[in-house]
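Observations on chain architecture
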Amino acid sequence: MAEPRLAVPSATLAAGALADAQPRALLELVRAHKRYESPGEVVHAVRDVTLSLGAREFVALFGPSGSGKTTLLLLAAGLLRADGGSVYFQGRDLSTLSRRAALAYRRTQLGFVFQSFNLAAGLSAEENVAIPLLLRGVEHRAAHRRARAALAEVGLERRLSHTPERLSGGEQQRVAIARALVGEPRLVLADEATGNLDSETGDAVLALLGSLPRSRGAAVILVTHDQRAAGYADRLLTIRDGRLVPEPAALDTTVAQKNHHPRAPGHRYPGGAAASTQPRTPPR
Ligand code: ADP
Ligand code: MG
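Each value, and the rule that gives it
Position labels on residues start from 1 in each chain and follow its written sequence. Chains carry letters and ligands carry numbers; both start at the beginning, A for chains and 1 for ligands, and go up in the order they are written. Whole-chain, interface and lining totals are the exception, using all residues; otherwise, since this is a predicted model, local features are given only for residues with pLDDT of at least 70 and side-chain atom pairs are given and counted only at 80 or more. Strands here are runs of E lasting at least two residues and helices are runs of H or I lasting at least four, both read from the DSSP assignment and numbered beginning at the N terminus. Each residue is classed by its C-beta neighbour count within 10 Å, where at least 20 other C-beta atoms makes it buried, 12 or fewer makes it exposed, and intermediate counts make it partly exposed; the C-beta atoms are placed from backbone geometry. Two residues form a contact once the distance between their C-beta atoms, set from the backbone, is within 7 Å. Strand pairing follows a simple DSSP-based rule, namely that at least 2 bridges must link the two strands. Whenever a helix is involved, its axis is fitted only over the stretch in contact; in every case the axis is a line through C-alpha atoms, and angles between N-to-C directions fall within 0 to 180 degrees. What makes a residue near a molecule or strand is its C-beta atom, placed from the backbone, lying within 6 Å of it. Residues are grouped as follows: Ala, Val, Leu, Ile, Met, Phe, Trp, Tyr, Cys and Pro are nonpolar; Asp, Glu, Lys and Arg are charged; every other residue, Gly included, is polar. Values of pLDDT, the confidence the predictor places in each residue, fall between 0 and 100. Here the expected length of a helix is defined as 1.5 Å per residue gap, with one fewer gap than residues.

Assigned secondary structure in the protein consists of eight helices and ten strands. Considering the protein as a whole, with its 284 residues, one finds that 46% of them fall into the buried category. Taking the intrachain contacts of the protein between residues at least 6 apart in sequence as the baseline, contacts between residues at least 24 apart amount to 74%.

The structure is reproduced here in structure tokens:
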């Protein structure tokens, strides 16, 4: 990786933010606005979005293609800067963070599952998942042990040495999920994280994501088109044309109720691995 090693102690951001007064929410967007400008065109991708996410809350975010879902997650991640309004993490305005502090935020507090996975080509699944830990200075063997455990949690203990080119789309997606979770982030932002999974694997991944608030005290925003996600979510949000709209997501309540067993571990991946919430050390 070209990025420099993290030079700030991991605890710096959290300690600083906690000193700022007791925050009500883990993440807050206050009238956040983002526009993309290109010659002859301005797209208002996120318009005046106000949203507050509790520390152990699971929110499912629905919306048609092009409605601003990815942009909203990128704002929350500090990967894009709002050009109106504010985004706060633990009460701290992300736009006031130095580059270094913003990097520390992403590396220590955040797990991001990119819609297009963003895996490093040529590196094995295990190496891809170990990267966030290595960047934080975790010792090589410990980082790889945790990477293997994270991959086992998404049912990929038999794909450790496969490079992305030798993995299916669904498997790549699960590597991306393992990489987002391996560092035990406080906030998980997952962009259509079950979009490439068959229904059985999708269920297991939803159960895993749904277990995070209780098992790890994490908050989750899952962007999805999958109505089954509603069964795991504390709250459903819908975005249209860049605005959060009050209408509930088009909900198939039968599916939602049937699945309303949030945070129950033990889902099985096809092939037999259980979606445990306990890190396990798989055989190499
Ligand atoms: P979603 O994830 O809901 O599909 P996005 O947040 O990706 O939506 O995009 C919201 C709107 O912003 C879309 O109209 C999209 O075309 C536009 N958009 C996204 N990224 C860019 C960009 N980098 N430059 C210009 N327009 C963009
Ligand atoms: Mg998107």
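Bringing the sheet that holds strand E1 (residues 27–38) into the picture now. Pairing in this open sheet of four strands is antiparallel, and the strands run E2-E1-E4-E5 from one edge to the other. Sheet topology places strand E2 (41–53) and strand E5 (92–93) at the edges, where each strand pairs with a single neighbour. Across five bridges, the pairing between E1 and strand E4 (residues 84–89) is antiparallel. Residue pairing across strands places Leu29 opposite Val87, the latter belonging to E4. With respect to the sheet, helix H2 (residues 69–76) is in contact with E1, E2 and E4, its orientation differing from that of E1 by roughly 120°.

What follows concerns the site of ligand 1. Lining the immediate surroundings of ligand 1 are Tyr36, Ser38, Val43, Ala45, Gly63, Ser65, Gly66, Ser67, Gly68, Lys69, Thr70 and Thr71. When contributions to the shell around ligand 1 are tallied by element, the ones reaching two or more residues are E1, E2 and H2. Considering every element that reaches the shell around ligand 1, the biggest residue donor is H2, with three residues. Taken together, the residues of the shell around ligand 1 break down into three nonpolar, eight polar and one charged.

Our focus in this paragraph is the confidence of the model for the protein. Taken as a whole, the protein shows an average pLDDT of 85; of its residues, 79% reach a score of 70 or greater. Below a pLDDT of 50 lies the segment residues 252–265, which in the model reaches 25 contacts outside its immediate sequence neighbourhood of four places, other chains included. Scored below 50 in pLDDT, residues 275–284 shows 23 contacts in the model against residues more than four places distant or in partner chains.

What follows is about the sheet that holds strand E8 (residues 219–223). Remark on secondary structure: sheet strands pair via backbone hydrogen bonds, oriented parallel or antiparallel. What the six strands build is an open sheet, ordered E6-E7-E8-E3-E9-E10; its pairing is mixed. Each end of this open sheet is capped by a strand with a single partner; those strands are strand E6 (110–113) and strand E10 (243–245). Adjacent strand axes in the sheet meet at a mean angle of 20°, parallel and antiparallel pairs treated alike. Each of E6 and strand E7 (187–191) is contacted by helix H6 (residues 169–181), which is oriented at about 170° to E6, the strand it contacts most.

The next subject is helix H4 (residues 125–135). One turn of the α-helix equals 3.6 residues, which is why residues spaced by three or four share an orientation. Where H4 is concerned, the buried positions are Ala125, Glu126, Asn128, Val129, Ala130, Pro132 and Leu133. Buried positions along H4 lie against helix H3 (99–109), helix H5 (140–153) and H6. Trailing H4 by a residue or two, Gly137 shows a phi angle of about 95°, which is positive.

Another point: the environment of Arg141. Mapped onto the elements of the fold, Arg141 is located in helix H5. Measuring from C-alpha to C-alpha, the distance between Arg141 and Ala130 comes to 9.6 Å, with eleven residues separating the pair along the chain.

Our next topic: helix H7 (residues 199–216). Given a rise of 1.5 Å per residue, 18 residues ought to cover 26 Å, and the 25 Å separating the end C-alpha atoms of H7 matches this to within 8%. Of all the 18 residues making up H7, 13 are buried; the element is thus mostly covered by neighbouring parts of the structure. Phi for Gly217, located one or two positions after H7, is positive at around 65°.

We now examine unusual backbone geometry. Not every positive phi belongs to a glycine, and Phe117 is a case in point at roughly 70°. Among the structural elements, Phe117 can be located in the loop between E6 and H4. Despite not being glycine, Asp241 shows a phi value in the positive range, around 45°. Tracing the sequence through the fold places Asp241 in the loop between strand E9 (235–240) and E10. The class of Asp241 is partly exposed, set by 14 C-beta atoms lying within 10 Å.

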